[in-house]
Amino acid sequence: KAGVTQTPRYLIKTRGQQVTLSCSPISGHRSVSWYQQTPGQGLQFLFEYFSETQRNKGNFPGRFSGRQFSNSRSEMNVSTLELGDSALYLCASRRGHGRGMGEQYFGPGTRLTVT
Amino acid sequence: DAKTTQPPSMDCAEGRAANLPCNHSTISGNEYVYWYRQIHSQGPQYIIHGLKNNETNEMASLIITEDRKSSTLILPHATLRDTAVYYCIALNYGGSQGNLIFGKGTKLSVKP
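Note that this is a predicted model, so its numbers are computed, not measured. (Residues numbered from 1 in each chain as written. Chains lettered and ligands numbered in written order. Predicted model: local features only at pLDDT ≥ 70, side-chain atom pairs only at ≥ 80, totals over all residues. Heavy atoms only, no water.)

1. Remarks on the packing of aromatic side chains
Aromatic rings in a pair are described by how distant their centres are and how their planes are angled relative to each other.
Here's step 1: Using the criterion set out here, one finds 12 aromatic pairs over all chains in the structure.
Here's step 2: Consider the rings of A:Phe106 and B:Tyr36, whose centres lie 6.1 Å apart with planes at 85 degrees: the pair is edge-to-face. Within this pair, whereas A:Phe106 is found in strand β10 (residues 105-106), its partner B:Tyr36 is found in strand β3 (residues 31-38), the two belonging to separate chains. A single burial state applies to A:Phe106 and to B:Tyr36, both of which are buried.
Here's step 3: Centroid distance B:Tyr87 to B:Phe102: 5.1 Å. Interplanar angle 85 degrees. Geometry classified as edge-to-face. Taken together, the residues span a long stretch of sequence, with B:Tyr87 in strand β8 (residues 84-92) and B:Phe102 in the loop between β8 and β9 (106-111) at a distance of 15 residues. Accessibility classification places B:Tyr87 together with B:Phe102 in one group, the buried group.
Here's step 4: Through successive ring pairs, a cluster of aromatic residues spans A:Tyr35, A:Phe45, A:Phe106, B:Tyr32, B:Tyr34, B:Tyr36, B:Tyr46, B:Tyr87 and B:Phe102. (Phe/Tyr/Trp six-rings, centres within 6.5 Å; stacked < 30°, edge-to-face > 60°. Helix = DSSP H or I, 4+ residues; strand = E, 2+ residues; numbered from the N terminus. Buried < 20%, exposed > 50% of the residue type's maximum accessible area, 1.4 Å probe, protein only.)

What follows is the structure, encoded as structure tokens:
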């Protein structure tokens, strides 16, 4: 069974631009979460989507947003990029939403560099 | 969710068992212990989880103390490919949240 896929794998953007990252979950998985990983802050939760609805959100500014489509694919958008947004952005999928759903499957990530 | 404490780094000889400890002294009764690992430049990988009984799968074994205040992840025959950062996470089974809270983990170095 195919794993979680993320596109693009690498991206270079300039301050002030915006960027959209894409995530395709494992077939049959309906929940998608996004994480940001930086050397200084480690792995931090951004948000989770289930059934096209944002179910949970981490402590990030409103410049970070996301959405989920009816086929469970998800996108995240970062507007007005800052140098500090340079990070590895990881997407994770799981079967459902709710009790005991700690088993998540991560994609390879998108490495975003902001110059 | 309970806070977990792990040693920042450990070494293990190839072919030997790697025993990675985790302290979760404030864990509550409905919190599971999950282990993930992250090999350099890859996404985290789920390894195993448990509540109070010991668990084993094809990747590892998880030993949870009777008082549930600590646990040990065991890789029975470590290989060079097991070199990674290992994260121990306490997750509320009853919670509906999808956010895993990753600490700094233990950097395991398997040496030939």
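The structure having been displayed, the exposition proceeds.
2. Here we look at the pattern of salt bridges
Residue and element names in this part refer to chain A.
Here's step 1: In this structure the tally under the stated criterion is 6 salt bridges over all chains.
Here's step 2: Here glutamate 82 and arginine 63 are joined by a salt bridge, their closest N and O atoms 3.6 Å apart. On the criterion of sequence distance, the pair formed by glutamate 82 in the loop between β8 (74-78) and β9 (87-94) and arginine 63 in the loop between β6 (53-57) and β7 (64-68) is long-range, its members being 19 residues apart.
Here's step 3: Between glutamate 75 and arginine 73 there is a salt bridge; the shortest N-O distance is 3.4 Å.
Here's step 4: Looking at glutamate 75, the relative accessible area reads 16%, which means it is buried. (Salt bridge = Lys/Arg side-chain N within 4 Å of Asp/Glu carboxyl O.)

3. Looking at the state of the cysteines
All names here are of chain A.
Here's step 1: Going through the model one piece at a time under the given rule, you end up with 2 disulfides over all chains.
Here's step 2: Two residues, cysteine 23 and cysteine 91, share a disulfide whose sulfurs are 1.7 Å apart. In this structure the cystine formed by cysteine 23 and cysteine 91 twists about its S-S bond by roughly -50 degrees; its chirality is therefore left-handed. Taken together, the residues cysteine 23 in strand β3 (residues 19-24) and cysteine 91 in strand β9 connect sequence positions 68 residues apart. (Disulfide = S-S within 2.5 Å.)

4. Structural notes on the side chain of A:Arg63
Residues and elements named next belong to chain A.
Here's step 1: Its relative accessible area of 16% is what places arginine 63 among the buried residues.
Here's step 2: Here the side chain of arginine 63 touches aspartate 85 through a polar contact of 2.8 Å, side chain to side chain.
Here's step 3: Excluding anything up to four places from it in sequence, arginine 63 contacts Asn77, Val78, Ser79, Thr80, Leu81, Glu82 and Asp85. (Polar contact = N/O pair within 3.5 Å; in protein donor to acceptor, adjacent residues only side chain to side chain. Contact = heavy atoms within 4.5 Å.)

5. Regarding the nonpolar core
Where a protein is soluble and globular, its nonpolar side chains tend to be buried together.
All names here are of chain B.
Here's step 1: Among the nonpolar cores identified, the biggest contains 22 residues, and Leu20, Trp35, Leu73, Leu75, Tyr86 and Leu108 are the most heavily contacted of them.
Here's step 2: The leading source of residues in this core is β8, at 4 residues.
Here's step 3: Filtering out sequence-adjacent residues up to four positions away, tyrosine 86 remains in contact with Gln6, Leu20, Trp35, Tyr36, Arg37, Ile47, Leu73, Leu75, Gly105, Thr106 and Leu108. (Core = buried A, V, L, I, M, F, W, Y, C linked by side-chain atoms within 4.5 Å.)

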